[in-house]
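# Coordinate analysis (summary)
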Amino acid sequence: MRSLPRLRALLAFDAAARHGRFVAAAAEPHVTPAAIGQQVRGLEAALGVRLFVRRPHGTARLVPTEDARAALRDIAEGFDNLEAGLRRLGGRVPRAVVVVTASHALAARWLLPELPDFAQGHPGVDVRLDITDRLLDLAQGEADLGLRCGPGGWPGVPRRRGSPLWENGQGRRPARRPAGQNRQTPCAGCRKKRKIQRPARIGPQRTRRARAGPGGWRRRQRPGHHAAMPHFHARAALLPEGWAEDVLIEADAAGRIAAVTPGAAPAAADRLRGAVIPGVPNLHSHAFQRAMAGGAERRSPDGQDSFWTWRETMYRFVGRFSPEDAEAVAAQLYAECLEWGFTSIAEFHYLHHQPDGTSYAAPAEMALRHLAAARRTGIGITLLPSLYRHGGIFGRDPAPGQRRFLNDLDPYLRILGDCRAAVAGDPQAAVGMAPHSLRAVTPAMLQAVVAEAGPIHIHAAEQEKEVAECLAATGARPVQWLLDNAPLDARWCLIHATHMTAAETAALAARGAAAGLCPSTEASLGDGTFPLRGWLAAGGRFGVGTDSHVGTSPRDELRQLETSQRLALWERAVATTATAPHPGRRLLDAALAGGAQASGRAIGAIAPGRRCDLVELDDGHPSLLGRSGDSLLDAWVFAGQANPVRTAIVGGKRVVEGGRHVARLTIGEAFAGAMRRLLG
């Protein structure tokens, strides 16, 4: 039998070392700081050594001793091995457990209604309740947290004033009161004014909850209380200069990376024990089409199915969307994208108006619903309101199914201005312009739009029919017309650009514009195959998007891009060179750089000044086992169907943990309701 300290004590030691304070460490297992301190002191007593250099309270972080620092890496790897072993046995890795004791009245009136929200926000924690009116001894481990309501004065229990948890017979969250009204509220059945008694705090949560608008609930800091800057420690990370080990990634309060230090000790950083890559930008999305995915596959009566017949199906479907539906569908999409490793999205938005084509009272209503969905899920967003006025090259009348998309120039510029105002000061969001295509805008409109600041996205040369129409109307192919008549440069992203001549390919690449490739959608719609080899040979830049969202994974888009080339050329490893022999790495590097350029945001790299957008791949996942570095990226892109993304961090905040979005449950419920309305 092995002689080891208690596992709980080792976990407390690990958490205290990473966070640097007992208060912060207590938030992980959801126990009190005193409990963490007890476990650490017990471990020190059992080992007969000091584990931390203790400083006066409030003056510095806990600092592990040299011996403790050396042991921490082995202990962390031991935890990883333990989890991997349990997975191999087919068992479920045990979740953290917090034992809460509460009185019967408090449990019924407040605690039990709050548990679903807590479970959704903390999927890795099991809450076990001990509902009793007897006072339990927390110091002896009878519970981790005690909640009581009453006048106080209990022996050995410090009294702290709490916020009212209900009034007028209503449970749930604190209600607002007129200024000056007494904050103490009588409990049902109590004659005296009562206060919540909290024998101990849970970790760093010294805050009250405040409404945060469309994004849901957030924590409001007490005056003078400053949250710790997010620091992450990656065992292996892909940096601009290549793979590095033991990488400390320090971010500022705004979610920008302040410093990146390879070969660093984890200290108090939040550990990422897999392989960490930059979050991948999704450079092309029509979010409402997520609700259509899989629903437009049936053969038409004449059997002549194409992009153009799919488009008619889309026109019929789009008339059903309300603003609430649009937000619910977008939130579901964005959560799925985050779970697969996309950490930002460029939303090419043209569903502007009411079903009859008239404007909403707020013309940017539908666009701002997508911004609300992005904020709710935590994904970064580049909002691209689309100018869509005509139904064919340079002035053809639109079809009835397009009426929700249509704007003249002035109303469009108002929507664009409203979007700019909505994202002002938000480091997680940007705004650009999206003249839909040469089929939808006139040359004069295009000229006016590109005079605005920001990235410019336009559909071009997606279909051969589109190319033929442009040739008939202008004497030039779509990409050639843009080369001749528009100021193409690095601000531009040409979506699809599937049907280009070799001359167009070379000339467009030379302008520095990005190609926005959506391989899964292009395959689904039968668009054709992008000339990737010629594009890369010309130094062209590209990123990937999910467009109609028949897929929502960066891995799948990169896989489809490479394998479509293999089918067309009867070759393998098309996206490689002698100096870049791994297709997974070369495709990812290109998608990061091109996606960041097209998004107009400081993303796409783990480097100072960029957003702290990180994706942790579980290198213990069956599809990645035994792989590292660029070989791991090849396995990620080309092996298996399961998802090895364990963690996604956006702007320094965890939004995916254990492969699940932290708000998956509530987002999924809203999406299910929207789908019932849309398909009913």
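The structure this text deals with has already been given above.
The paragraphs below set out a description of the structure included in this document. (Residues numbered from 1 in each chain as written. Predicted model: local features only at pLDDT ≥ 70, side-chain atom pairs only at ≥ 80, totals over all residues. Heavy atoms only, no water.)

### Some remarks on the packing of aromatic side chains
Definition in use: Two aromatic rings, drawn from Phe, Tyr or Trp (for Trp, its six-membered ring), form a pair once their centres lie within 6.5 Å of each other, and the interplanar angle then sorts them: stacked below 30 degrees, edge-to-face above 60, tilted otherwise. Buried, partly exposed and exposed residues are distinguished by accessible area as a fraction of the type maximum, computed with a 1.4 Å probe on protein chains only: under 20%, between the cut-offs, and over 50%, respectively.
Evaluation of the coordinates by the stated rule reveals 11 aromatic pairs. Considering the side-chain rings of Phe307 and Trp308, the 4.8 Å spacing of their centres and the 85° angle between planes classify their relative orientation as edge-to-face. Comparing Phe307 with Trp308, the two get one shared label, buried. Ring plane angle 55° and centroid distance 5.3 Å describe the contact between Tyr388 and Phe405, whose orientation is recorded as tilted.

### Things to note about helix H19 (residues 664–679)
The condition is simple: Each helix is a run of DSSP H or I of at least 4 residues and each strand a run of E of at least 2, with the numbering of both proceeding from the N terminus. Residue count minus one, scaled by 1.5 Å, sets the expected span of a helix. Contacts are assigned to residue pairs with any non-hydrogen atoms lying within 4.5 Å of each other.
An ideal rise of 1.5 Å per residue puts 22 Å on 16 residues; H19 measures up with 22 Å between its terminal C-alpha atoms. Of the residues making up H19, those classed as buried are Ile667, Phe671, Gly673, Ala674, Met675 and Leu678. On its buried face, H19 is in contact with helix H6 (307–318), helix H7 (323–340), helix H8 (365–377) and strand S25 (660–661).

### Comments concerning the pairing of strand S20 (residues 514–517)
The line we're drawing: Here, any two strands with at least 2 DSSP bridges between them count as paired. Handedness rule for crossovers: strands pointing away from the viewer, path from the first strand over the helix to the second running clockwise, crossover right-handed.
Burial along S20 is two-sided: Ala514 and Gly516 and Ala515 and Leu517, pointing in opposite directions, are all buried. Across three bridges, the pairing between strand S19 (residues 492–496) and S20 is parallel. By the bridge assignment, Cys493 is partnered in S20 with Ala514. One crossover worth recording links S19 to the parallel S20 by way of helix H13 (residues 502–511), and it is right-handed. Of the strand pairs in this sheet, S20 and strand S21 (residues 541–544) are connected by four bridges, and their pairing is parallel. Residue Ala515 lies in a different strand from S21, and its bridge partner there is Phe542.

### Considering the nonpolar core
Note the cut-off: We define a nonpolar core as any set of buried Ala, Val, Leu, Ile, Met, Phe, Trp, Tyr and Cys residues linked to one another through side-chain atoms lying within 4.5 Å.
Of all hydrophobic cores here, the largest spans 89 residues; its most connected members are Tyr334, Leu482, Trp492, Leu494 and Phe542. By size, the runner-up hydrophobic cluster in this structure holds 31 residues, among which are Trp310, Ala328, Phe405 and Leu406.

### Regarding the pattern of salt bridges
Once the charged atoms of two side chains with opposite charge are near each other, the side chains can pair. The following threshold applies: One side-chain nitrogen of Lys or Arg within 4 Å of one carboxyl oxygen of Asp or Glu is enough to make a salt bridge.
This structure, assessed with the given rule, holds 25 salt bridges. A salt bridge links Glu324 to Arg369; the nearest nitrogen and oxygen atoms lie 3.3 Å apart. In this pair, Glu324 sits in helix H7 while Arg369 sits in helix H8, placing the two residues 45 residues apart along the sequence. Under the relative-accessibility criterion, Glu324 is labelled partly exposed at 44%. Here Arg396 ties to Glu469 by a salt bridge, and the two come within 3.8 Å at their closest N and O atoms. Within this pair, whereas Arg396 is found in the loop between strand S15 (380–387) and helix H9 (409–423), its partner Glu469 is found in helix H11 (residues 464–474), the two being separated by 73 residues in sequence. Judged by relative accessible area, which is 46%, Arg396 ranks as partly exposed. The network of salt bridges with shared partners includes Asp14, Arg18, Arg271 and Arg273.

Everything listed here is a matter of coordinates, which is why it stays silent on function.
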